[in-house]
Amino acid sequence: MNYEIYPSLNERVYKEVLSNGLTVAVVPRPGFARKLAYFVTDFGSIHREFTFEGRPYAVPAGIAHFLEHKMFDMPDGRDISAELAELGASVNAFTSYDMTAYYFSCTQHFEKCLDILLDFVSTPYFTEESVKKEQGIIDQEIGMNADAPESKVFEYLMESMYRHHDIRTPILGDSDSIRKITPELLHACHQAFYTPANMILCVVGDVDPEQVKKQALAVLGAEKRPVGIKKPMEPEELTCPVAFRQEKMDVAMPTFQLAFKCLPLGKGEEAVRQELVADLAAEALFGESSVLYPKMYEQGIIDSSFGGGFETVDGCAMLTCGGDSHDPAAVLDAIVQRGLQIAREGIDEKNFLRMKRSAMGRRIRDLDSFDSTCFRLCAYHFADFDYFRFPAMYESVTEAEMREFLANAVRTDNCSLTRIDPITEGVNENEMD
């Protein structure tokens with residue numbers, strides 16, 4: 001396999017696109033006992049409309065997550081989790097808005113574990129009986145999620161901010177949508193998106209890159225197969241349909257989430273550069289090293305639960321923050337005023353350079369984590385960017401770009417605030433007026 005050296009990170013990464021279209025990336029960690037493998041598809045909960053081999057599909061909400069669950073079923077009745085556990089490995093999976101990942105970690109029997117991972121993720125097996133059973137299991141998960149305020153406050157925010165983007169819909173779907181899922185639809189999604197040309201295999205650890213490549217070809221085959229064509233995301237107006245939403249749940253104190261709706265970034269180097277600009281803007285505006293954070297903390301309008309940043313999903317982007325607060329409206333007002341001030345006056349160049357070094361240092365330290373390395377490498381691969389090139393990208397970001405971003409992003413007309421209050425606590429309905 002070919003490799004590239006990144007001197008500023010002291011990293012060497014082996015990467016190759018195989019004949020079947022699969023991208024294989026191996027990040028060596030000589031001398032480490034732990035090994036981690038991610039097998040990821042560019043298919044998430046928002047990808048509900050697509051065309052495959054000339055046929056259009058519109059699939060129910062929650063199908064990507066449902067498919068993730070069902071991939072652990074095998075035709076021969078094998079228990080994948082138990083099989084990997086017997087080899088000393090732990091296996092798991094997750095579905096996000098725009099990708100689905102399957103991964104395992106082990107200290108021994110890596111090659112056997114990798115074969116199992118590649119095998120079960122590439123083997124579709126869905127029956128009417130198993131799908132019906134899974135509907136009941138996921139319905140319970142949906143019920144538990146409905147009782148989780150940290151999840152619900154974000155879901156309410158997405159419903160308030162977006163008119164038609166599928167980020168409005170929970171990753172799990174709902175009780176009605178999952179009952180529309182059939183074995184035939186699961187097969188269609190698997191055929192369209194669980195194909196090597198739409199996936200990446202990333203391994204971190206003391207492994208032989210050529211052996212990883214050899215196993216991927218042996219299990220998945222060398223032939224390239226067609227990939228589903230996702231329906232392009234429709235552009236959204238930057239204004240939010242709902243500026244303020246208030247709900248009540250069984251919580252100890254009010255919790256909130258707010259976001260400023262931004263233009264989607266797309267893919268490629270320039271898009272990632274804009275993401276880094278936005279990350280720095282978020283840190284300058286309300287990060288722990290910002291001027292505003294300690295002021296809000298001293299005023300008692302935020303506590304240690306407060307946090308935020310810049311988030312991107314295929315077709316949308318937002319500057320967002322949240323946490324527990326008795327006065328979320330005061331938090332919003334403080335952030336808007338500080339954003340306008342930074343856009344107008346800027347920040348000290350010395351502080352800006354310190355902030356850049358701090359942000360880049362956090363990303364470099366993240367590479368010490370096998371999990372973070374795998375996740376970021378895969379996510380940025382689907383954004384058409386070599387993640388290990390981020391240090392040079394950070395160096396080129398200017399304070400003027402950060403100010404311009406804040407001037408465009410931090411406005412009241414593209415902002416939405418949602419809050420969840422305790423059922424027993426009275427709330428001033430007019431506090432946003």
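Cut-offs used in this document
Residues numbered from 1 in each chain as written. Predicted model: local features only at pLDDT ≥ 70, side-chain atom pairs only at ≥ 80, totals over all residues. Heavy atoms only, no water. Helix = DSSP H or I, 4+ residues; strand = E, 2+ residues; numbered from the N terminus. Expected span 1.5 Å × (residues − 1). Buried < 20%, exposed > 50% of the residue type's maximum accessible area, 1.4 Å probe, protein only. Contact = heavy atoms within 4.5 Å. Arc of directions from axis to C-beta. Salt bridge = Lys/Arg side-chain N within 4 Å of Asp/Glu carboxyl O. Polar contact = N/O pair within 3.5 Å; in protein donor to acceptor, adjacent residues only side chain to side chain. Axes fitted to C-alpha atoms, helices over the stretch in contact; angles between N-to-C directions. Parallel < 35°, antiparallel > 145°, perpendicular 65-115°, else oblique. Left-handed = near helix turned anticlockwise from the far one by under 90°. Nonpolar A, V, L, I, M, F, W, Y, C, P; charged D, E, K, R; others polar.

*Asks:* What should I look at first to understand helix α5 (residues 149–161) in this one?
*Replies:* At 3.6 residues per turn, the α-helix brings residues three or four places apart onto the same side. With 13 residues, α5 extends 18 Å between its outermost C-alpha atoms, agreeing within 8% with the 18 Å of an ideal straight helix rising 1.5 Å per residue. Within the sequence span of α5, burial applies to K152, V153, E155, Y156, L157, M158, S160 and M161. Check the buried side of α5 and you find it contacts α4 (128–146), β11 (244–249), β12 (255–262), β14 (316–324) and β15 (415–422).

*Asks:* Is there a simple way to explain helix α10 (residues 292–299) in this structure?
*Replies:* Within the sequence span of α10, burial applies to L292, Y293 and M296. Taken end-on, α10 shows its buried residues confined to a sector of 100°, consistent with a single buried face. Tucked into the core, α10 has its buried residues touching α9 (269–286) and α11 (328–345). Looking one or two places after α10, you find G300, whose phi comes out positive at around 80°.

*Asks:* Help me out: how do you make sense of the pattern of salt bridges in this one?
*Replies:* Applying the stated rule across the entire model yields 27 salt bridges. A salt bridge links E155 to K152; the shortest N-O distance between them is 3.0 Å. Within this pair, E155 and its partner K152 are both found in helix α5, separated by three residues, close to a single helical turn. Like K152, E155 is buried. Put simply, D76, R78, E83 and D119 are held in one network by salt bridges that share partners.

*Asks:* Where do I start with the side chain of T418 in this structure?
*Replies:* Mapped onto the elements, T418 comes out in strand β15. Relative accessible area serves as the criterion here: at 1%, T418 is assigned to the buried category. At 3.0 Å, the side chain of T418 forms a polar contact with the backbone oxygen of V153. Setting aside anything within four residues of it in sequence, one finds T418 in contact with V153, Y156, L157, S160, R245, T255, F256 and Q257.

*Asks:* How should I be thinking about the packing of α9 against helix α12 (residues 349–366) in this particular structure?
*Replies:* Helix packing geometry: the angle between the two helix axes and the distance between the axes. Their axes nearest at 10 Å, the elements α9 and α12 cross at an angle of 115°. By the angle class used here, α9 and α12 are roughly perpendicular. Crossing hand, α9 versus α12: right-handed. Contacts from E275, L276, D279, L280, E283 and A284 of α9 reach α12 at F352, M355, K356, A359, R362 and R363. Across the contact of α9 with α12, the residue classes tally to six nonpolar, no polar and six charged.

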